[in-house]
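# What the coordinates show
What follows is the residue order along each chain.
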Amino acid sequence: MTLEEFNGQLWPLLRQINDSINALLRPVCDRQGLTPIQLRALLAIRQQPCTVGELGRSICMADTNVSALCKRLERRGLLRRVRGGRDERVVHLELTGAGLLLAQELDGQIAQRLRPVWEARRRDLPRILQDLDSLSGQLQAAVSLAAGSPLPQEKEQTP
């Protein structure tokens, strides 16, 4: 495969995967009055309570946009923002009881929507996910190279 062929196939596939995932999520989100990114935030926080910055990295969103997203979820009673004790600039995020129940319900609905894919490709999925993880790492390395920063494995270790 040439670089041009790789480039020509990568973009459409990534867009198609993203569009398909959004199409699967849209009805689940619409029933609850959520956007797909709000859904992703709820599920990420359910998996691991975190700070605003950590959530931004987890869902690939800038901190200022994450703050606005969190304010909307907080107004709906789904999320609590708690200032850090030592550093009040740090904002910790945790789901409220209602947020946790909704995240659990949504996670179950998404699992049901993904069940046909899981059933059809059950044997192949570990390899597919491993390959996607590897591709993601290579793309992150390319971002580092393009930005002129050292690759993660090239950074100096602090004692």
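Residues numbered from 1 in each chain as written. Predicted model: local features only at pLDDT ≥ 70, side-chain atom pairs only at ≥ 80, totals over all residues. Heavy atoms only, no water.

An unreviewed UniProt entry lists the chain under the name MarR family winged helix-turn-helix transcriptional regulator, with Candidatus Anaerotruncus excrementipullorum as the source organism.

### Side note on the packing of aromatic side chains
Geometry of an aromatic ring pair is reported as the spacing of the ring centres plus the angle between the planes. For the coordinates displayed, the defined rule picks out zero aromatic pairs. Its end group placed over the ring of W118, R122 keeps NZ or CZ at 3.9 Å from the ring centre. (Phe/Tyr/Trp six-rings, centres within 6.5 Å; stacked < 30°, edge-to-face > 60°. Lys NZ or Arg CZ within 6 Å of the ring centre and 35° of its normal.)

### Details of the sheet that holds strand β1 (residues 50-51)
Overall, antiparallel pairing links the three strands, which are arranged β1-β3-β2 in an open sheet. Single-partner strands in this sheet number two, and they are β1 and β2 (79-83). Where β1 and strand β3 (residues 91-95) come together, two bridges link them in antiparallel fashion. What sits directly across from C50, in β3, is L93. Contacting β1, β2 and β3, helix α2 (residues 36-47) runs over the sheet at an angle of about 95 degrees to β3. (Pairing = 2+ DSSP bridges. Helix = DSSP H or I, 4+ residues; strand = E, 2+ residues; numbered from the N terminus. Contact = heavy atoms within 4.5 Å. Axes fitted to C-alpha atoms, helices over the stretch in contact; angles between N-to-C directions.)

### Some words on the layout of surface pockets
Computed from the structure, the largest pocket encloses a volume of approximately 2100 Å³. Along the wall of the largest pocket there are 42 residues; nearest its centre are I17, N18, I21, L129 and L132. Contributing elements (two or more residues each) for the lining of the largest pocket: α1 (3-32), α2, α3 (52-59), α5 (97-121) and α6 (125-147). Here the lining of the largest pocket gets 14 residues from one element, more than from any other, and that element is α1. For the lining of the largest pocket, the residue count by class is 25 nonpolar, nine polar and eight charged. (1 Å grid on protein atoms, 1.4 Å probe; cavity = no way out; pocket = protein on both sides within 12 Å on 5 of 7 lines; lining within 4 Å. Points joined across faces, edges and corners; volume = space filled by probe spheres on them. Nonpolar A, V, L, I, M, F, W, Y, C, P; charged D, E, K, R; others polar.)

### Focus: a nonpolar patch on the surface
On the surface, L14, I17, I21 and L139 cluster together to form a nonpolar patch covering roughly 310 Å² of accessible area. Looking at which element gives the most residues to the nonpolar patch, the answer is α1, with three residues. The residue L14 is located in helix α1 in this model. We classify L14 as partly exposed; its relative accessible area is 35%. (Patch = residues over 30% accessible without salt bridge, like charges linked within 9 Å, V, L, I, M, F, W, Y side chains within 5 Å. Areas by Shrake-Rupley, 256 points an atom, 1.4 Å probe, with all protein chains shown as cover. Salt bridge = Lys/Arg side-chain N within 4 Å of Asp/Glu carboxyl O. Buried < 20%, exposed > 50% of the residue type's maximum accessible area, 1.4 Å probe, protein only.)

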